[in-house]
Amino acid sequence: MNKQDLIKDIAERGEFTKADADAALKAVQGAIAAALTRGDKITLPGFGTFKVVETAARTGRNPQTGEPVEIPAKRKIKFNPTQALKDLVQ
């Protein structure tokens, strides 16, 4: 499913116009991105939780040469689906 398919589905399920569905999707994306940028955790009941996790710096290996490579610490986005969502997918 691409963005246009998602907008169409939102419009049909919510009985919105495609323009309203597109605006709603952009608003949700912007709100989630802003919250994650601040380091906030976002919980959507029945769907899942988005959060930012910190990874420590570590030493890895270049698979071609075997040379050690320093991998810097960074922030990653993690999504944990609820059990209800997992059950729907099964």
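Residues numbered from 1 in each chain as written. Predicted model: local features only at pLDDT ≥ 70, side-chain atom pairs only at ≥ 80, totals over all residues. Heavy atoms only, no water.

Student: I tried to follow the pairing of strand E3 (residues 58–61) on my own but got confused; where do I start?
Tutor: Along any regular strand, the residues point their side chains to alternate faces of the sheet. Looking at chain direction, E3 and strand E4 (residues 68–71) are connected through 4 bridges and run antiparallel. Each residue of the ladder has a partner; that of Arg61, found in E4, is Pro68. Here E3 folds back onto E4 in antiparallel fashion, the turn holding 6 residues, of which Gly66 has a positive phi close to 80°. (Pairing = 2+ DSSP bridges. Helix = DSSP H or I, 4+ residues; strand = E, 2+ residues; numbered from the N terminus.)

Student: Can you help me understand a nonpolar patch on the surface in this one?
Tutor: Nonpolar side chains collect at one region of the surface, where Leu44, Phe47 and Phe79 lie side by side and expose about 230 Å² of accessible area between them. Secondary-structure assignment places Leu44 in strand E1 (residues 42–44). For Leu44, a relative accessible area of 33% translates into the label partly exposed. (Patch = residues over 30% accessible without salt bridge, like charges linked within 9 Å, V, L, I, M, F, W, Y side chains within 5 Å. Areas by Shrake-Rupley, 256 points an atom, 1.4 Å probe, with all protein chains shown as cover. Salt bridge = Lys/Arg side-chain N within 4 Å of Asp/Glu carboxyl O. Buried < 20%, exposed > 50% of the residue type's maximum accessible area, 1.4 Å probe, protein only.)

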